[in-house]
There are 2 protein chains.
Amino acid sequence: MTSYAAPDAGATLSYEQAGVNYDLIDPLKVAAQRAAATTAGHLTAHGFSEVKASRGESAYVVDVGPFYLASIVECLGSKALVADEMKALTGKSYYAGIAQDTIAMAVNDLITVGATPLVVQAYWAAGGSDWFGDAQRAQALVEGWKQACDVCGVAWGGGETPALAGIVEAGRIDLAASCTGIINPKTRLSVGDKLAAGDAIVLLSSSGIHANGLSLARKLVERLPQGYLTEVAPGLSYGEALLAPTTLYSPVTEALAKAGVVMHYCANITGHGWRKLLRHPSALTYLIHSLPAVPPVLSFIQQHAHHDDREAYSTLNMGAGFALFVKAEDAQRTVEIARAQGVDAIVAGRVEAGAKQVVIAPIKVTFTDDDLQLR
Amino acid sequence: MTSYAAPDAGATLSYEQAGVNYDLIDPLKVAAQRAAATTAGHLTAHGFSEVKASRGESAYVVDVGPFYLASIVECLGSKALVADEMKALTGKSYYAGIAQDTIAMAVNDLITVGATPLVVQAYWAAGGSDWFGDAQRAQALVEGWKQACDVCGVAWGGGETPALAGIVEAGRIDLAASCTGIINPKTRLSVGDKLAAGDAIVLLSSSGIHANGLSLARKLVERLPQGYLTEVAPGLSYGEALLAPTTLYSPVTEALAKAGVVMHYCANITGHGWRKLLRHPSALTYLIHSLPAVPPVLSFIQQHAHHDDREAYSTLNMGAGFALFVKAEDAQRTVEIARAQGVDAIVAGRVEAGAKQVVIAPIKVTFTDDDLQLR
């Protein structure tokens, strides 16, 4: 990278400085989770029951008899703001990729419980009716949404396109997706009861930042000499690199199921970066011996935000978008199946008996349970 | 009402003047619907198929073998802005009711296809982390959400609570809900193939404006001498009246199913007011002979926005929150079952052979197909 001077260029830029304060959100989350848990009994009246282990997982699972039902709603976050800035700078519409990002947020979470995604619903809340008047942008959103549904093999059921002046900012759009799927046969359920010492950890590659860490990435722009047009690699601008669409992992999990590979557990690496490897409630040690290649945009962020490895791996996906925990003997086959679906993968580590921690040996970083409070 | 002078007090205030321009949104909606329809074939790979008649209905339905699966995502709209204004004026938090409104938007749509709602997911996108720092408001949102789930007998599966500074306005929240349900037994499917001349139209009462028409209602405040504190009835302010939580209709549809009353069709009366009675694709005439009582807040809006009956009934629910189409011989029993669930109802009309139109005889207003283009 070229050297330059910019405000605060020497100071570390943390995720909290970038504007997300989990201390304010987390008490509400806890209250909501507690209240939500009390409603599970309603399913009994219909002859059904919740899969209790799915509380605190990425998707909620209900036993409806012949199979399990899984559902979720997920928000894109602030990535669309980067698309808006880049449109102003380049004239290009990036909303096809943004559509894929939004679907990926929902689908990649839904599949962690072993579900086959069946139906996606679109939630496109604009700051006013005029957002939809930009035909090129609207068409890109529609096209990208459809293409992502095609990749995931899901039906696009419908959606909601409200104009929310006064709630959503003028010229902006709040994008989210809900997804419903089934776990069929029921043996595909992967809420973690199968996870055990000796299992292998396979990491699926990410395409870039995906849709988490964007608050930090956007804040960092203020430090860059040419803003979003600063090159992260020859011919690749920071903005373009950030906008690489999130990898869709459901083709991999579906192919694994077809091949008879049982997923013992999964983690979608989103907010909290590699701390998400601690998601499973058990006390187990996750020993990482091999690291995936880090996408240039993430190395760039780490460098310019002055993050040490610990901070970078605790915030960003650092090349690993999705973690699969499988039997050791299935590890290599899992890698091959993922690659056959166009998603690179490595056998990155193994599960061991021991204290709850992720030990990332190559960079000498350890995360413990104190580093991740999600439940 | 007291007489007063205010800017433009004599002019009609239309829905479009209130800021929602469907001409800009509708082309995107049509493009999205077309693209969505092409994705239905993906279900075949899983051995399933869509219920094609559900395209264009309020919820999307998939045949998964032993039963049908229904899913939806719905937005609250701008009603939270009224709660925010009223909080500033009275110090009270209205977010328990707002939570019910949000769930009602999803559940009342889902049940139109004959579904039993099973799982609700919360989508609470705030303008910044600090929104969640108001503990009283956050607690009201959680409590109200739980109570509405209790009324509907659904499990609250989880949700998403992003802080979206730069997309959602500071101090505001974008609220939505997704809902998944099943249609079981399959004979409960009510996407309209059973509707026929001779059927009765039963209208379930609304509690007020519900969550549609709020752009108009908020615009109207500018004309009122005391704004939201203007009385619509003795002791009842305009703001309080607007914030009456939306009626939840799933207890009624579930009770009907238990009693063996078959719903031939349903319409949730939301945007487009009574034009929603034209939702069914067939050419049939809907003759309304009896009108429900109009909630004071809706009479007040009609009067102060200078709407004639045609405009009022084409925009607001005017006392009818949900329409049930049943066999004539089931009509009176339907009314009794609804009342037993605490929801007032009347036998309001009947379906007749003839041109596609709603004839609201008591007020001499007719809506034709040209008045409603939803598909």
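Residues numbered from 1 in each chain as written. Chains lettered and ligands numbered in written order. Predicted model: local features only at pLDDT ≥ 70, side-chain atom pairs only at ≥ 80, totals over all residues. Heavy atoms only, no water.

Student: An account of the relation of the copies chain B and chain A is needed here, citing residue identities and associated values.
Tutor: Superposition record for chain B on chain A: RMSD 0.0 Å, screw rotation 180°, translation along axis 0.0 Å. Such values leave the two copies arranged in the relation of a two-fold axis. For chain B, the minimum C-alpha distance to the rotation axis belongs to valine 168 of chain B and amounts to 2.2 Å. Comparing interface residues between copies, 100% of those in chain B also lie at the interface in chain A; the contact surface is shared. (Least-squares fit on C-alpha atoms with pLDDT ≥ 70 in both. Contact = heavy atoms within 4.5 Å.)

Student: Describe the domain arrangement of chain A, naming the residues involved and giving the relevant values.
Tutor: Residues and elements named next belong to chain A. Each assigned domain of chain A is listed here: domain 1 (45–188) and domain 2 (200–371). Domain 1 and domain 2 are separated by 21 Å when their C-alpha centres are compared. Taken together, the 35 residues of domain 1 in the interface contact 32 residues of domain 2. Together domain 1 and domain 2 conceal approximately 2700 Å² of surface at their shared face, both sides included; 62% is due to carbon and sulfur atoms. Counting the contacts that link domain 1 with domain 2 gives 2 salt bridges. Here glutamate 254 and arginine 188 are joined by a salt bridge, their closest N and O atoms 2.9 Å apart. Those elements that provide at least two residues to the side of domain 1 that touches domain 2 are helix H2 (79–90), helix H3 (95–110), strand S4 (116–126) and helix H4 (135–152). (Domains from an automatic or database assignment. Buried area = accessible area lost by both parts, 1.4 Å probe. Salt bridge = Lys/Arg side-chain N within 4 Å of Asp/Glu carboxyl O. Helix = DSSP H or I, 4+ residues; strand = E, 2+ residues; numbered from the N terminus.)

Student: Quick rundown of the packing of helix H2 (residues 79–90) of chain B against helix H3 (residues 95–110) of chain B? Include the residues and the values.
Tutor: For any two helices packed against each other, one specifies the crossing angle of their axes together with the interaxial distance. Residues and elements named next belong to chain B. Where H2 contacts H3, the axes come no closer than 10 Å and their chain directions differ by 175°. When the axes of H2 and H3 are compared, the pair comes out roughly antiparallel. Taking contact as the criterion, the partners of Lys79, Ala80, Ala83 and Asp84 in H2 are, on H3, Tyr95, Ile98 and Asp101. The residue makeup of the contact of H2 with H3, split by class, is 4 nonpolar, no polar and 3 charged. (Axes fitted to C-alpha atoms, helices over the stretch in contact; angles between N-to-C directions. Parallel < 35°, antiparallel > 145°, perpendicular 65-115°, else oblique. Nonpolar A, V, L, I, M, F, W, Y, C, P; charged D, E, K, R; others polar.)

Student: Can you break down the interface of chain B and chain A residue by residue, with the values?
Tutor: At the interface, 79 residues of chain B touch 79 residues of chain A. Summing the contributions of chain B and of chain A, the shared interface buries around 6100 Å²; its carbon and sulfur component is 68%. The largest contributions to the chain B side of the interface with chain A come from Leu28, Val73 and Ile167 of chain B, which together make up 11% of the buried area. Connecting chain B to chain A are 0 salt bridges. Remark: the boundary between chain B and chain A carries 21 residue pairs in polar contact (both at pLDDT 80 or more). When contributions to the side of chain B that touches chain A are tallied by element, the ones reaching two or more residues are helix H1 (22–37), strand S2 (60–63), strand S3 (68–75), strand S4 (116–126), helix H4 (135–152), strand S5 (155–160) and strand S6 (173–183) of chain B. With 9 residues, the single largest contributor to the side of chain B that touches chain A is S4 of chain B. The residue makeup of the side of chain B that touches chain A, split by class, is 45 nonpolar, 22 polar and 12 charged. (Polar contact = N/O pair within 3.5 Å; in protein donor to acceptor, adjacent residues only side chain to side chain.)

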